[in-house]
Amino acid sequence: MPRQTLHDDPSGNSRSHPGDVARRVARRREQLGLSREEVATRAGMTPGYVRYVEEQCHHTIGTNALLRLAGALRTTASRLLGGDTENCPDTAATGHPVPCDLGPDECWRRLSGQDVGRVALTTTTGHPAVLPVIYAVVDGAIVYRTAPQSPPAAGHGTEVAFEVDQFDASLSAGWSVLLLGITEHVTDSDEVRALAEDAHPDPWADGTDDLWIRIVPSNVTGCLIRGE
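All values reported here derive from a predicted model rather than from experimental measurement.

A. Seen up close, the overall build of the protein chain. When helices and strands are counted, the protein chain shows eight helices and seven strands. Put simply, the protein chain has 228 residues, and 43% of those count as buried. Of the roughly 12,200 Å² that the protein chain leaves accessible, carbon and sulfur atoms contribute 51%.

B. Representation of the pattern of salt bridges in the model. Overall, the coordinates contain 10 salt bridges when judged by the stated rule. A salt bridge links E106 to R109; the nearest nitrogen and oxygen atoms lie 2.5 Å apart. Separated by three residues within a single helix, E106 and R109 lie in helix α7 (residues 104-112), roughly one turn from each other. Taking the relative accessible area as the measure of exposure, E106 reaches 22% and is therefore partly exposed. The closest approach of N and O atoms between R110 and E106, which form a salt bridge, is 2.8 Å.

C. Up close: the nonpolar core. Residues L111, V119, F162 and I215 are the most contacted members of the largest nonpolar core, which totals 25 residues. Counting residues per element, the ones that place at least two in this core are β1 (98-102), α7, β2 (116-122), β3 (128-138), β4 (141-146), β5 (159-168), β6 (173-186) and β7 (211-226). No other element matches the five residues that β7 contributes to this core. The contacts of F162, once residues within four sequence positions are left out, are L111, G117, R118, V119, V133, Y135, I142, V177, L178, L179 and I215. Of all hydrophobic cores here, the second largest spans 20 residues; its members include M45, V53, A65 and A77.

D. Spotlight on the pairing of β4. Counting buried residues along β4, five of its six residues qualify, which places the element largely inside the surrounding structure. Linking β3 to β4, which pair antiparallel, is a turn of two residues; within it D139 sits at a positive phi near 50°.

E. Looking closely at the pairing of β2. With burial as the criterion, only one face of β2 is covered, namely that bearing G117, V119 and L121; the residues V116, R118, A120 and T122 on the opposite face remain uncovered. Judged from the seven bridges that link them, β2 and β3 form a sheet pairing that is antiparallel. Across the sheet, the residue bridging to L121 is A129, located in β3. Where β2 folds back on β3, the antiparallel hairpin that results is connected by five residues, among which G126 adopts a positive phi of roughly 90°.

F. Structural view of the packing of helix α2 (residues 36-43) against helix α3 (residues 47-55). For the pair α2 and α3, the least separation of the axes is 8 Å and the interaxial angle reads 110°. With respect to their mutual orientation, α2 and α3 come out roughly perpendicular. Both α2 and α3 take part in a crossing whose hand is right-handed. Here R36, E37, V39 and A40 of α2 come into contact with α3, specifically with P47, V50, R51, E54 and E55. When its residues are assigned to classes, the contact of α2 with α3 shows four nonpolar, no polar and five charged.

G. Spatial organisation of α7. Within α7 the residues assigned to the buried category are C107, R110 and L111. Looking straight down α7, one finds its buried side chains confined to an arc of 105°; they lie on one side.

H. Region of the structure containing α2. All of the buried residues along α2 are V39, A40 and A43. Buried residues of α2, seen end-on, are gathered within an arc of 100° and therefore sit on one face of the element. Here the buried face of α2 lies against α1 (21-32), α3 and α4 (63-72). At the exit of α2 stands G44, carrying a positive phi of roughly 70°.

I. Representation of the packing of aromatic side chains in the model. Per the counting criterion, the structure on display carries two aromatic pairs. Judged by centre distance (5.8 Å) and plane angle (35°), the ring pair of Y49 and Y52 falls under tilted. With Y49 and Y52 both in helix α3 and three residues apart, the pair spans about one turn of that helix. Here the two residues Y49 and Y52 agree in accessibility, since each one is buried.

Rules used in this analysis
Residues numbered from 1 in each chain as written. Predicted model: local features only at pLDDT ≥ 70, side-chain atom pairs only at ≥ 80, totals over all residues. Heavy atoms only, no water. Helix = DSSP H or I, 4+ residues; strand = E, 2+ residues; numbered from the N terminus. Buried < 20%, exposed > 50% of the residue type's maximum accessible area, 1.4 Å probe, protein only. Areas by Shrake-Rupley, 256 points an atom, 1.4 Å probe, with all protein chains shown as cover. Salt bridge = Lys/Arg side-chain N within 4 Å of Asp/Glu carboxyl O. Core = buried A, V, L, I, M, F, W, Y, C linked by side-chain atoms within 4.5 Å. Contact = heavy atoms within 4.5 Å. Pairing = 2+ DSSP bridges. Axes fitted to C-alpha atoms, helices over the stretch in contact; angles between N-to-C directions. Parallel < 35°, antiparallel > 145°, perpendicular 65-115°, else oblique. Left-handed = near helix turned anticlockwise from the far one by under 90°. Nonpolar A, V, L, I, M, F, W, Y, C, P; charged D, E, K, R; others polar. Arc of directions from axis to C-beta. Phe/Tyr/Trp six-rings, centres within 6.5 Å; stacked < 30°, edge-to-face > 60°.

Structure representation (structure tokens):
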């Protein structure tokens, strides 16, 4: 891989979208505990160019250089550009992370794009618990499989909370969706067969995870946090 020097044109032939790449590169490098020299070696650049990116690059950076830096930092070019999270109103003006509400359609889009969430409920012993489950979205509801005597099977017709989120501490950005709903056991044989064939969220471990739980939503809310 050819080495890049401080005198190379940082914009290259293909310009990426301008953004606060400098702080994201520095933050990610520090998160990984790497020196500029180590990043430069991984990316096939000089330490001087890495220093330039972190301290002086306030405009655009060439796509080739961006991709090489992303690979060296074990992330993606999109993340370095801040493209993994959407813009929030007034974020650029404040310079601080700003929470934004997500609409119902966007909440469901994000729920449908994940497969591991957390269900908060009261166990049969009367104690509250927050438990991870592998789930699927089917016909506007959350469904998951579990063993009949396991904690996630506790309660029928009780209200629970279900949360899915994704955060990147290096960018101070992420999102969270919270769903409130009533649990019900799926006992109809045709429904069970259809879920097993179409939804098939695999259980965490081998066993008798043959009880299907459906969470019928009563309210869905979400929040997006955009860093920088």
